[in-house]
Amino acid sequence: MQKPPIHKSFLNAFRGVWVMIKTERNFQIELLAFVINIFLIFYFRLNAMDTALILIVSFAVLSAEIFNTAIEKICDIIQPDFDKRIGFIKDIAAGAVVLMAIAAATVGILVYRKYIFS
């Protein structure tokens, strides 16, 4: 199979992100948190290192949510009926998102507290 041209690959990837924005509630919430962080970066005039940290953890949460959704969709195709094993796989994938969100919140607290209390 021939690979598509690079611009088509990028279009497909952005279409995937657009589908997440339109259909996944948790992604929408996490995207709202990302937008709030963008506002806070400019409001507090974060330095380059703090900005990089906030952006890295924000994109990591969004990416984790995309992977979680992909795993859930694959599981639903493989086993459309209830199966404890599939539920366990989905719980593990969701757990990865929760851990990344906790890490992001921790980084946010550590970064923003010095701007809020100074």
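Note that the structure is predicted; figures quoted are calculated from it, not measured.

Criteria and cut-off values
Residues numbered from 1 in each chain as written. Predicted model: local features only at pLDDT ≥ 70, side-chain atom pairs only at ≥ 80, totals over all residues. Heavy atoms only, no water. 1 Å grid on protein atoms, 1.4 Å probe; cavity = no way out; pocket = protein on both sides within 12 Å on 5 of 7 lines; lining within 4 Å. Points joined across faces, edges and corners; volume = space filled by probe spheres on them. Helix = DSSP H or I, 4+ residues; strand = E, 2+ residues; numbered from the N terminus. Nonpolar A, V, L, I, M, F, W, Y, C, P; charged D, E, K, R; others polar. Expected span 1.5 Å × (residues − 1). Buried < 20%, exposed > 50% of the residue type's maximum accessible area, 1.4 Å probe, protein only. Polar contact = N/O pair within 3.5 Å; in protein donor to acceptor, adjacent residues only side chain to side chain. Arc of directions from axis to C-beta. Contact = heavy atoms within 4.5 Å. Core = buried A, V, L, I, M, F, W, Y, C linked by side-chain atoms within 4.5 Å. Patch = residues over 30% accessible without salt bridge, like charges linked within 9 Å, V, L, I, M, F, W, Y side chains within 5 Å. Areas by Shrake-Rupley, 256 points an atom, 1.4 Å probe, with all protein chains shown as cover. Salt bridge = Lys/Arg side-chain N within 4 Å of Asp/Glu carboxyl O. Phe/Tyr/Trp six-rings, centres within 6.5 Å; stacked < 30°, edge-to-face > 60°.

How would you sum up the layout of surface pockets? Please name residues and give values.
Within this model, the largest pocket holds a volume of roughly 240 Å³. Along the walls of the largest pocket sit 14 residues, with Ala-33, Asn-37, Ser-58, Ala-104 and Ala-105 positioned nearest its centre. Every element with two or more residues in the lining of the largest pocket is listed here: α2 (25-43), α3 (48-78) and α4 (84-116). Counted by class, the lining of the largest pocket contains ten nonpolar, three polar and one charged residues.

Summarise α3; cite the residues concerned and give the values.
Taking 1.5 Å per residue as the helical rise, α3 with its 31 residues ought to reach 45 Å, and the 45 Å between its terminal C-alpha atoms agrees with that figure. All of the buried residues in α3 are Asp-50, Thr-51, Ile-54, Val-57, Ser-58, Val-61, Leu-62, Ala-64, Glu-65, Asn-68, Thr-69 and Cys-75. By the N-cap criterion, in which a side-chain oxygen at the helix start approaches the backbone nitrogen of a residue two or three places on, α3 is capped by Asn-47, the distance to Met-49 being 3.1 Å.

So what's going on with unusual backbone geometry? Residues and values would help.
One non-glycine residue, Arg-45, lies in the positive phi region at around 50°. Note on placement: Arg-45 falls in the loop between α2 and α3.

So what about α2? Which residues, and what values?
When the terminal C-alpha atoms of α2 are compared, their 27 Å separation across 19 residues agrees well with the 27 Å that a helix rising 1.5 Å per residue should span. Of the positions making up α2, those classed as buried are Phe-27, Glu-30, Phe-34, Asn-37, Leu-40 and Ile-41. Axial view of α2: buried residues confined to an arc of 135°, hence all on one face. Residues of α2 that are exposed and point more than 90 degrees away from the buried face comprise Arg-25, Ile-29, Leu-32, Phe-39, Phe-42 and Tyr-43. Among the structural elements, α1 (6-23), α3 and α4 are those in contact with the buried residues of α2. Just downstream of α2 lies Arg-45, where phi reads positive at about 50°.

Tell me about the nonpolar core, and name the residues and values.
Grouped together as the largest cluster of nonpolar side chains are seven residues: Leu-40, Ile-41, Leu-46, Ile-54, Val-111, Tyr-112 and Tyr-115. Taken together, the elements giving at least two residues each to this core come down to α2 and α4. Per-element tally for this core: the top contributor is α4, with three residues. Beyond its immediate chain neighbours, meaning those up to four positions away, Leu-40 contacts Arg-45, Leu-46 and Tyr-112.

Could you give an account of a nonpolar patch on the surface, with specific residues and numbers?
Judged by side-chain polarity, Ile-6, Phe-10 and Phe-14 come together as a nonpolar surface patch covering roughly 370 Å² of accessible area. With respect to the secondary-structure elements, Ile-6 resides in helix α1. In this structure Ile-6 comes out as exposed when scored by relative accessible area, which is 62%.

Go over the packing of aromatic side chains with me, naming the residues and quoting the values.
A complete count under the given rule lists five aromatic pairs for this structure. For the ring pair Tyr-43 and Phe-44, a centre distance of 5.0 Å and an interplane angle of 80° mean the geometry is edge-to-face. Residue class for Phe-44 comes out partly exposed when judged on its relative accessible area of 22%. Both rings, one in Phe-44 and one in Tyr-115, keep their centres 6.3 Å apart while their planes meet at 35°; by these two values the pair is tilted. Placement of the pair is Phe-44 in the loop between α2 and α3 and Tyr-115 in helix α4, with a sequence separation of 71 residues. Ring pairs connect the aromatic residues Phe-39, Tyr-43, Phe-44, Tyr-112 and Tyr-115, which therefore count as one cluster.

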